[in-house]
Amino acid sequence: MNQVDYLRISLIDRCNFRCQYCMPEEAELNYILRQDLLTHEEIITLLETVFIPLGFRKFRLTGGEPLLRPGVVELVKDIASLSATEDLSMTTNGYLLASLAEDLYKAGLKRINISLDSLNSETFNSIIGRPKSNLWQHTWLGIKTAYEVGFDPLKLNVVVIPGVNEKEIEPLAELSINRNWHIRFIEFMPIGNGDLFNDKAWIPSEEIRETIRQKWGLIESNIKGNGPADIFQIPGAKGTLGFISQMSECFCDRCNRMRLSADGLLRPCLLNETGQIDLKTLLRNNVKTTEIKDKVAQILAIKPEINYKERDSGNNTGNYGRTMSQIGG
Ligand code: SAM
Ligand code: SF4
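Residues numbered from 1 in each chain as written. Chains lettered and ligands numbered in written order. Predicted model: local features only at pLDDT ≥ 70, side-chain atom pairs only at ≥ 80, totals over all residues. Heavy atoms only, no water.

Q: Describe the pairing of strand β1 (residues 6-10), naming the residues involved and giving the relevant values.
A: Along a regular strand, successive side chains alternate from one face of the sheet to the other. Taking burial as the measure, the 5 residues of β1 include 5 buried ones, the bulk of the element. Relative to strand β2 (residues 58-62), β1 runs parallel, the two sharing 5 bridges. Looking at the pairing, Tyr6 lines up with Lys58 of β2. As paired elements, β1 and strand β10 (residues 257-260) share 4 bridges and run parallel to each other. In the strand pairing of β10, Arg8 is matched with Arg259. (Buried < 20%, exposed > 50% of the residue type's maximum accessible area, 1.4 Å probe, protein only. Helix = DSSP H or I, 4+ residues; strand = E, 2+ residues; numbered from the N terminus. Pairing = 2+ DSSP bridges.)

And the structure:
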């Protein structure tokens, strides 16, 4: 069994974008109240007294949009300076990177994934629910700034949706040829916008690979990630292409992660709530951190059974209780 050593920490459930597949404008989201967000100190306490003693060494900050969290740079600095931290990364929509990339890099963040579903500003602005804005230009500037300040490799996440951005597969893949950029194609999942999702609303990774293979050829890469992506390369390219195939493939046996929501719910599996623990309430009720650690250890021990629960129940078309932005994607 995989060592579970990777924690995705959601810093906030709010977002400045309204991606159709994640948190569309019309969705009624009950945002977490400010007083219910884990505080900076609570996050550090949980890492120091619960997760690090249990062997967690890799941390990814996410959201909602993590850069909207007040004090995000200081939090990065404090997590990066914990001696047990081996890897600290972030997933962001990139909008605030033009102003924050340098400070984040200096604070100790070394790896970043930026979501970019299209190189066409009109398509992009429509996907993120902000047509007629200049958000594409701003996001692109954020990506370039992150690269210039030293985030290397830089990863771009693309959710491919038929009829929306499937024509972008080639231009996005092409970005990996002359730059050490890793483009990761993610299969659209039935989580978040249930209305948008149906059997035909996602494209299997193999179809995406075939489109790329026809144009340039495609080889398996020697570079291995530590996550669920299968890594390939266009022959001779500087960067790579990753495929995250949670719909067409089951990688539960490779799962090395848990998720902590912005309001302190620890979730062992993205797709179901079994085993979820409310760490914030335990902390605020002054439960001893050694007891909290024991509870998390018990869940870690049964994580493999939990991982397969949703798959085994055949529920892969439903709409789950929380959106990606609420769980911490
Ligand atoms: N706001 C940040 C961003 O967009 O990168 C971080 C949070 S977002 C929830 C994390 C990732 O989840 C993004 O790459 C996004 O594209 C992906 N995501 C959101 N909803 C999804 C869905 N239904 N299926 C697949 N990926 C999804
Ligand atoms: Fe915001 Fe990220 Fe969700 Fe888009 S995918 S709405 S940027 S949280």
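After that view of the structure, there is still more to cover.
Q: Before we move on, could you go through the sheet that holds strand β12 (residues 277-278) and cite the residues and values that matter?
A: Backbone hydrogen bonds are what pair the strands of a sheet, in a parallel or an antiparallel way. Spatial ordering of the open sheet is given by β7-β8-β9-β6-β5-β4-β3-β2-β1-β10-β11-β12, a layout of 12 strands whose pairing is mixed. The sheet terminates laterally at β7 (219-220) and β12, the two strands that pair on one side only. Most of the contacts of helix α7 (residues 205-216) go to strand β9 (residues 240-244), to which it runs at about 155°, and overall it touches β5 (154-160), β6 (181-187), β8 (230-233) and β9. (Contact = heavy atoms within 4.5 Å. Axes fitted to C-alpha atoms, helices over the stretch in contact; angles between N-to-C directions.)

Q: Before we move on, can you summarise the packing of aromatic side chains with the specific residues and values?
A: The way to describe two aromatic rings as a pair is by their centre distance and the angle between their planes. In this structure the tally under the stated criterion is 10 aromatic pairs. For the ring pair Phe17 and Phe124, a centre distance of 6.2 Å and an interplane angle of 85° mean the geometry is edge-to-face. Here Phe17 is found in the loop between β1 and α1 (40-51), whereas its partner Phe124 is found in helix α4 (residues 121-127), with 107 residues between them in sequence. Just as Phe17 is buried, Phe124 falls in that class too. Ring centres of Phe232 and Phe243 lie 5.6 Å apart, and the angle between their planes is 85°; on these two criteria the pair is classed as edge-to-face. Residue Phe232 is found in strand β8, and its partner Phe243 is found in strand β9; the two are separated by 11 residues along the sequence. Taken individually, Phe232 and Phe243 each receive the classification buried, so the pair is uniform in this respect. A network of ring pairs unites the aromatic residues Trp136, Trp140, Tyr147 and Trp181 as a single cluster. Over the ring of Tyr105 we find Lys110; its NZ or CZ atom is 4.3 Å from the centre of that ring. (Phe/Tyr/Trp six-rings, centres within 6.5 Å; stacked < 30°, edge-to-face > 60°. Lys NZ or Arg CZ within 6 Å of the ring centre and 35° of its normal.)

Q: I'd like a rundown of unusual backbone geometry, residues and numbers included.
A: Cis geometry marks the peptide bond from Asp152 to Pro153, where omega comes out at 5°. Looking at the secondary structure, you find Pro153 in the loop between α5 (135-149) and β5. Of note, the phi angle at Lys132 is positive, near 65°, even though the residue is not glycine. In this fold, Lys132 is placed in the loop between α4 and α5. In this model, Asn286 sits at a positive phi of 60°, which is unusual for a non-glycine residue.

Q: Report on a negative patch on the surface, specifying residues and quantitative values.
A: Together, Glu41, Glu48, Glu74, Asp78 and Asp103 give the surface a local cluster of negative charge. Of all the elements in the fold, those that place two or more residues in the negative patch are α1 and α2 (72-80). Following the sequence through the fold, Glu48 ends up in helix α1. (Patch = residues over 30% accessible without salt bridge, like charges linked within 9 Å, V, L, I, M, F, W, Y side chains within 5 Å. Areas by Shrake-Rupley, 256 points an atom, 1.4 Å probe, with all protein chains shown as cover. Salt bridge = Lys/Arg side-chain N within 4 Å of Asp/Glu carboxyl O. Lys, Arg positive; Asp, Glu negative; His and termini not counted. Charge placed at Lys NZ, Arg CZ, Asp CG, Glu CD.)

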